[in-house]
Amino acid sequence: LRAAYRETHYLAALPSGEARIEVGQPSRAVSSWLADIGKRSAIFLTAWNPMSRPVSSEENAARHAGLSARVRESGFPFVDAVGRSPDGEWSETSLLIAGVDVSDANRLARHFEQAGYVWIDRDEPASLRVRTLRDTWVEDADLAESSSD
């Protein structure tokens, strides 16, 4: 599952055009957007498919509407985004949310029952943060690989 997250194409609809975010790589476009709006970090988050379990398109739409409303009410700047498999077989409607700190990010991801999200610090490589069995969050790079991964 972590490998699928790392290989996903994370695409954000920035004011300057579509930006692709890759885990392990910095994104100049996202860094510029963050600088323009005076923010230091962002997360790429979906509310779809809780804990990576598929649900109906209606439930996913309702979950995304809930995420959008919560982020809007919190006042965080955001843009529409999509996570897509490299072969284009699946995609998940998402948001790129600026100005959140790690605790806000963890809280949002936990509330929307997500197993992971992409963390972006301006001018730094994007990183995958995953939820552990103990309901804590860690950087994917800090975890050992396993044969079930």
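Further up the page is the structure itself.
The rules we used
- Residues numbered from 1 in each chain as written.
- Predicted model: local features only at pLDDT ≥ 70, side-chain atom pairs only at ≥ 80, totals over all residues.
- Heavy atoms only, no water.
- Helix = DSSP H or I, 4+ residues; strand = E, 2+ residues; numbered from the N terminus.
- Buried < 20%, exposed > 50% of the residue type's maximum accessible area, 1.4 Å probe, protein only.
- Pairing = 2+ DSSP bridges.

### A word on unusual backbone geometry
Positive phi, close to 55 degrees, is recorded for Glu113, a residue that is not glycine. By secondary structure assignment, the location of Glu113 is in the loop between helix 4 (102-111) and strand 6 (116-121). The phi angle at Asp123 is positive, at roughly 70 degrees, despite the residue not being glycine. What makes Asp123 exposed here is its relative accessible area of 53%.

### Brief notes about the pairing of strand 5 (residues 91-98)
Here is the key point about a regular strand: its side chains alternate between the two faces of the sheet. Among the eight residues that make up strand 5, six are buried, leaving the element largely enclosed by the rest of the structure. Here five bridges tie strand 3 (residues 41-46) to strand 5, and the two strands are oriented antiparallel to one another. Counterpart to Thr46 in the pairing with strand 5 is Ser94. Where strand 4 (residues 78-84) meets strand 5, seven bridges bridge the pair, whose relative direction is antiparallel. Paired with Val82 across the two strands is Thr93, which belongs to strand 5. With antiparallel pairing between neighbouring strands as the criterion, strand 4 and strand 5 make up a hairpin whose turn holds six residues, including Gly88 at a positive phi of roughly 75 degrees.

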